[in-house]
Amino acid sequence: MGFKHRKFAIYGWRADREGGDTKTRKSRRTLELPKLAAQALRQHHTRQAVLKLKAGEAWQDHQLALCTSVGTPLNASNVRRAFRKITKRAGLGTAWSPRELRHSFVSIMSDQGVPIETIADLVGHACTSVTEAVYRFQLKPVITKGAHTMNTIFGDSRHG
C-alpha cells in the first residue's frame, strides 16, 4: 500500500449491492488511471493524512483511498451527498448523480473516436450490444463516420 507508484489503477472486482455481488466475469477488470487522476489521488492521500491525525483514536484504518472522516467505508448516501456538493460548487446544480459520470465517460470516449468494442470493455459490458442499447444517445452515430473520414481525406472545403 502507498502512493509511490508510477502507475495507478482502479480495481473493479466487486460491486456489493443488496442481493450480493453484481459483477460478472467479464465486468471484473483493472483499469489504469490517467495521470491527472493519479495526481489527484496523491494529493488526496496527503489531505487524508491530516484527517487521520484529526480523528486520532476514532480513526478506523480500512486501507481505503476514499472513506469517511474516520476511515470507514463510504455508503451510497455519503457519495451522493459529496458529489452534489462538488456539482453545486462547479455551478452545475445538485440534480446530478455519480452514475451520470458513466454516461459522460461514454460520450467523451465516443467523441474521441474510441471504438465501441473498447468502450464496452472499459465500462465492463460483455458485448457491444449492451453498450449500444444503454448509451445509444451518448454514442457518436456511426453513419457520420464515413462522411467525416472522406471529408478529412478530400478536404471539406472543396464542395461546401
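Here we summarise the structure given alongside this text.

Conventions we followed
Residues numbered from 1 in each chain as written. Predicted model: local features only at pLDDT ≥ 70, side-chain atom pairs only at ≥ 80, totals over all residues. Heavy atoms only, no water. Helix = DSSP H or I, 4+ residues; strand = E, 2+ residues; numbered from the N terminus. Buried < 20%, exposed > 50% of the residue type's maximum accessible area, 1.4 Å probe, protein only. Contact = heavy atoms within 4.5 Å. Areas by Shrake-Rupley, 256 points an atom, 1.4 Å probe, with all protein chains shown as cover. Axes fitted to C-alpha atoms, helices over the stretch in contact; angles between N-to-C directions. Parallel < 35°, antiparallel > 145°, perpendicular 65-115°, else oblique. Left-handed = near helix turned anticlockwise from the far one by under 90°. Nonpolar A, V, L, I, M, F, W, Y, C, P; charged D, E, K, R; others polar. Patch = residues over 30% accessible without salt bridge, like charges linked within 9 Å, V, L, I, M, F, W, Y side chains within 5 Å. Salt bridge = Lys/Arg side-chain N within 4 Å of Asp/Glu carboxyl O. Expected span 1.5 Å × (residues − 1). Arc of directions from axis to C-beta. Polar contact = N/O pair within 3.5 Å; in protein donor to acceptor, adjacent residues only side chain to side chain. Core = buried A, V, L, I, M, F, W, Y, C linked by side-chain atoms within 4.5 Å.

Below, the discussion takes up the overall build of the chain. In terms of regular secondary structure, the chain is built from six helices and four strands. Starting at the N terminus and walking to the C terminus, you meet the elements of the chain as β-β-β-β-α-α-α-α-α-α. The proportion of buried residues among the 160 residues of the chain is 19%. Expressed as a percentage of contacts within the chain between residues at least 6 apart in sequence, the contacts between residues at least 24 apart total 27%. Accessible area of the chain: about 12400 Å², with a carbon and sulfur share of 58%.

Axis separation between helix α3 (residues 100–111) and helix α4 (residues 116–123) bottoms out at 10 Å; the angle between their running directions is 155°. One element, α3, and the other, α4, form an angle in the roughly antiparallel class. Crossing of α3 against α4: the hand is right-handed. Of the residues in α4, those touching α3 at Arg102, Phe105, Val106, Met109 and Ser110 are Ile119, Leu122 and Val123. When grouped by side-chain class, the residues that make up the contact of α3 with α4 number six nonpolar, one polar and one charged.

There is a patch of nonpolar side chains on the surface, built from Leu66, Leu74 and Val79 and spanning about 240 Å² of accessible area. Mapped onto the fold, leucine 74 is located in the loop between α1 (35–55) and α2 (76–89). Owing to a relative accessible area of 38%, leucine 74 belongs among the partly exposed residues under this scheme.

A word on α3. Over its twelve residues, α3 extends 17 Å from the first C-alpha to the last, a length consistent with the 16 Å expected when each residue adds 1.5 Å. Inspection of α3 places Val106, Met109 and Ser110 among the buried residues, and these make up the whole buried set. One face of α3 carries all of its buried residues, which in axial projection span an arc of 100°. If you follow the buried residues of α3, they end up packed against α4.

By secondary structure assignment, the location of tyrosine 135 is in the loop between α5 (128–134) and α6 (143–154). Sequence separation between tyrosine 135 and histidine 103 is 32 residues, and the spatial gap between their C-alpha atoms is 6.8 Å. Those residues in contact with tyrosine 135 that lie beyond four places of it in its chain are Arg99, Arg102, His103, Val106 and His125. Polar side-chain contacts of tyrosine 135 include one of 2.9 Å to the side chain of arginine 102.

Residues Val106, Met109, Ile116, Ile119, Val123, Tyr135 and Leu139 constitute the largest nonpolar core, which totals seven residues. Of all elements in the fold, only α3 and α4 reach the threshold of two or more residues within this core. Looking at this core, the element that brings in the most residues is α4, giving three residues. Not counting residues within four places of it along the chain, the set of residues in contact with isoleucine 116 comprises Thr128, Thr131, Glu132 and Leu139.

What is shown is where atoms sit, not what they do.
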